[in-house]
Amino acid sequence: HHQAPPLNRALVGRVFRQAFGQEPEALFDQFEPTAFAAASLGQVHRAQLAGHGMVAVKVQSPGIAATIASDMQLMRAALRALAHTDMPLPTDAVLDSVMTEIEATLLREVDYLQEAEQMQWFAQHAARPGVVMAQPLLSHTRAQVLTQQFLPGQPLQAWLATQPPQALRDQAGQHLWDWFMHCIFVLGQVHADPHPGNFLFAPDGTVGVLDFGCTRALPSAFRAQVVQAWSALLRAPTDPTRNAQVLQAYQALGLLRKDLTVQAYTTELAPALAEMQAWQIEPFTQPVFDFGTKTPPPITPSQHQRVLGQHLAQIPGEMPAFERMWMGLMHLLTRLGARVHTRAHKALAVHP
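Described below are features of the structure shown in this document. (Residues numbered from 1 in each chain as written. Predicted model: local features only at pLDDT ≥ 70, side-chain atom pairs only at ≥ 80, totals over all residues. Heavy atoms only, no water.)

**Brief notes about the environment of aspartate 92**
Consideration 1: As for its placement among the helices and strands, aspartate 92 is situated in helix H4 (residues 92-109).
Consideration 2: On the basis of relative accessibility, which here comes to 60%, the residue aspartate 92 falls in the exposed class.
Consideration 3: For the pair aspartate 92 and arginine 80, spaced 12 residues apart in sequence, the C-alpha separation works out to 8.2 Å. (Helix = DSSP H or I, 4+ residues; strand = E, 2+ residues; numbered from the N terminus. Buried < 20%, exposed > 50% of the residue type's maximum accessible area, 1.4 Å probe, protein only.)

Following this line, the structure appears as structure tokens:
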């Protein structure tokens, strides 16, 4: 998340020479050569800049874009090999579309100019009480170097080590929940990488959001079908319209074959999907949900995976990012042990 082995000083200097034609010490009034945070794609240095005070400078690991491309080729080769085993995999077309989407997402993550644009957009449109976002400094930003305002706060593990009271954990969790619900269902644009290393927690419960390299637009049609599916799943299992509404939403998303009948969905697919569906909508089942009791994401048995593979038509381009975002948010709130007012009737409402 934020403690990967750092780059050495010579490599950092090389990135700056390629990006700006000069060393970092010439660009900033003061530049700390030792990174204070490092992750898989790059690392972050403190620096001082006249008129801005302390700033955070993210430096990309050299050659990471080429590494992503080669890693994805290896992954595709591995999946092709696994397709000849008894492992329950979707069709080649489904796998190829998912891998293409993942590769495009990762390549966007290594374009810091794109990330700077997203930082500006979220700071302008997604401001919410209790959530702060840094602004980029475009004069000191290039495709491999991103300079931004320095946000105060501690990573989640360090903040929890201070033993914040339950009320403060609840407050931070509420801020995160409200912010993500606003981004999903009102703005239709989400931060799709909510792992603990991308958030900072202040003593007053304010949450700082970092790293906008992985974001995703969620069109209103996609959001409307997610709302229809989740709202139907919140009905009683005995409700005769429940499965029909879920199936209709999944087919509108393009997930399931158009010729799948409600009866076939009920007898074949519903049992295979039940655990994961219950895990997804669990926070909406109570007005105040205690994430300290959140169940872990279920592991779908292989026999259920085979059933899914038989009926799966395609994976919408938005789905991998949406699922990554939702799973990351659930994990984050569970780590916080926050008690959150989920406001299901308001949260599950799509704004065009």
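**Things to note about the state of the cysteines**
Consideration 1: Summed over all chains, the structure comprises zero disulfides.
Consideration 2: The thiol of cysteine 183 is unpaired, and the distance to the nearest cysteine sulfur, on cysteine 214, comes to 13 Å.
Consideration 3: The class for cysteine 214 is buried, based on a relative accessible area of 3%. (Disulfide = S-S within 2.5 Å.)

**A closer look at the pattern of salt bridges**
Consideration 1: Scanning all chains against the criterion turns up 15 salt bridges.
Consideration 2: Salt-bridge contacts for arginine 343 lead to aspartate 178; the nearest nitrogen and oxygen are separated by 2.9 Å. Of the two residues, arginine 343 sits in the loop between strand E12 (339-341) and helix H13 (344-347) while aspartate 178 sits in helix H7 (residues 166-187), which places them 165 residues apart along the sequence.
Consideration 3: Residue classification places arginine 343 among the partly exposed residues on the basis of a relative accessible area of 38%.
Consideration 4: Classification of aspartate 178 as partly exposed rests on a relative accessible area of 21%.
Consideration 5: By sharing partners, the salt bridges in this structure join Lys58, Glu115 and Asp211 into a single network. (Salt bridge = Lys/Arg side-chain N within 4 Å of Asp/Glu carboxyl O.)

**Section: empty space enclosed by the protein**
Consideration 1: Taken as a whole, this structure holds one cavity of 30 Å³ or more when the rule is applied.
Consideration 2: Of the voids in this model, the largest cavity is the one considered here, and its volume is about 40 Å³.
Consideration 3: Lining the largest cavity are Ala272, Glu275, Met276, Pro298, Ile299, Thr300, Pro301 and His304.
Consideration 4: The leading source of residues in the lining of the largest cavity is helix H10 (residues 262-281), at three residues.
Consideration 5: Among the residues making up the lining of the largest cavity, the classes are represented as five nonpolar, two polar and one charged. (1 Å grid on protein atoms, 1.4 Å probe; cavity = no way out; pocket = protein on both sides within 12 Å on 5 of 7 lines; lining within 4 Å. Points joined across faces, edges and corners; volume = space filled by probe spheres on them. Nonpolar A, V, L, I, M, F, W, Y, C, P; charged D, E, K, R; others polar.)

**Considering the packing of aromatic side chains**
Consideration 1: The final tally for this structure, using the stated rule, is 20 aromatic pairs.
Consideration 2: For the pair phenylalanine 16 and phenylalanine 31, a centre-to-centre distance of 5.5 Å together with 75 degrees between the ring planes defines the contact as edge-to-face. Linking phenylalanine 16 in helix H1 (residues 9-20) with phenylalanine 31 in strand E1 (residues 30-31), this pair joins segments that are 15 residues apart in sequence. Each member of the pair, phenylalanine 16 together with phenylalanine 31, is buried.
Consideration 3: Both rings, one in phenylalanine 122 and one in tryptophan 179, keep their centres 6.2 Å apart while their planes meet at 45 degrees; by these two values the pair is tilted. Taken as a pair, phenylalanine 122 in helix H5 (residues 112-125) and tryptophan 179 in helix H7 lie far apart in primary sequence, 57 residues in all.
Consideration 4: Judged by its relative accessible area of 0%, tryptophan 179 falls in the buried class.
Consideration 5: The rings of Trp177, Phe222, Trp230, Phe284, Phe289, Phe291, Phe322 and Trp326 are connected pair by pair, giving a single aromatic cluster.
Consideration 6: Arginine 46 extends its terminal NZ or CZ atom over the ring of phenylalanine 36, reaching a point 4.2 Å from the ring centre.
Consideration 7: Over the face of the ring belonging to tyrosine 112 we find lysine 58, whose NZ or CZ atom lies 4.9 Å from the ring centre. (Phe/Tyr/Trp six-rings, centres within 6.5 Å; stacked < 30°, edge-to-face > 60°. Lys NZ or Arg CZ within 6 Å of the ring centre and 35° of its normal.)

**A few points about unusual backbone geometry**
Consideration 1: A positive phi angle is found at glutamine 163, which is not glycine, with a value near 55 degrees.
Consideration 2: Position of glutamine 163 among the secondary structure elements: in the loop between helix H6 (156-161) and H7.
Consideration 3: Exposure remark for glutamine 163: the relative accessible area of 68% places this residue in the exposed category.
Consideration 4: Phi is positive for aspartate 211, which is not a glycine, with a value near 60 degrees.
Consideration 5: Within the secondary structure, aspartate 211 is located in the loop between strand E9 (207-209) and strand E10 (215-217).
Consideration 6: Residue aspartate 211 is classed as partly exposed on the basis of its relative accessible area of 22%.

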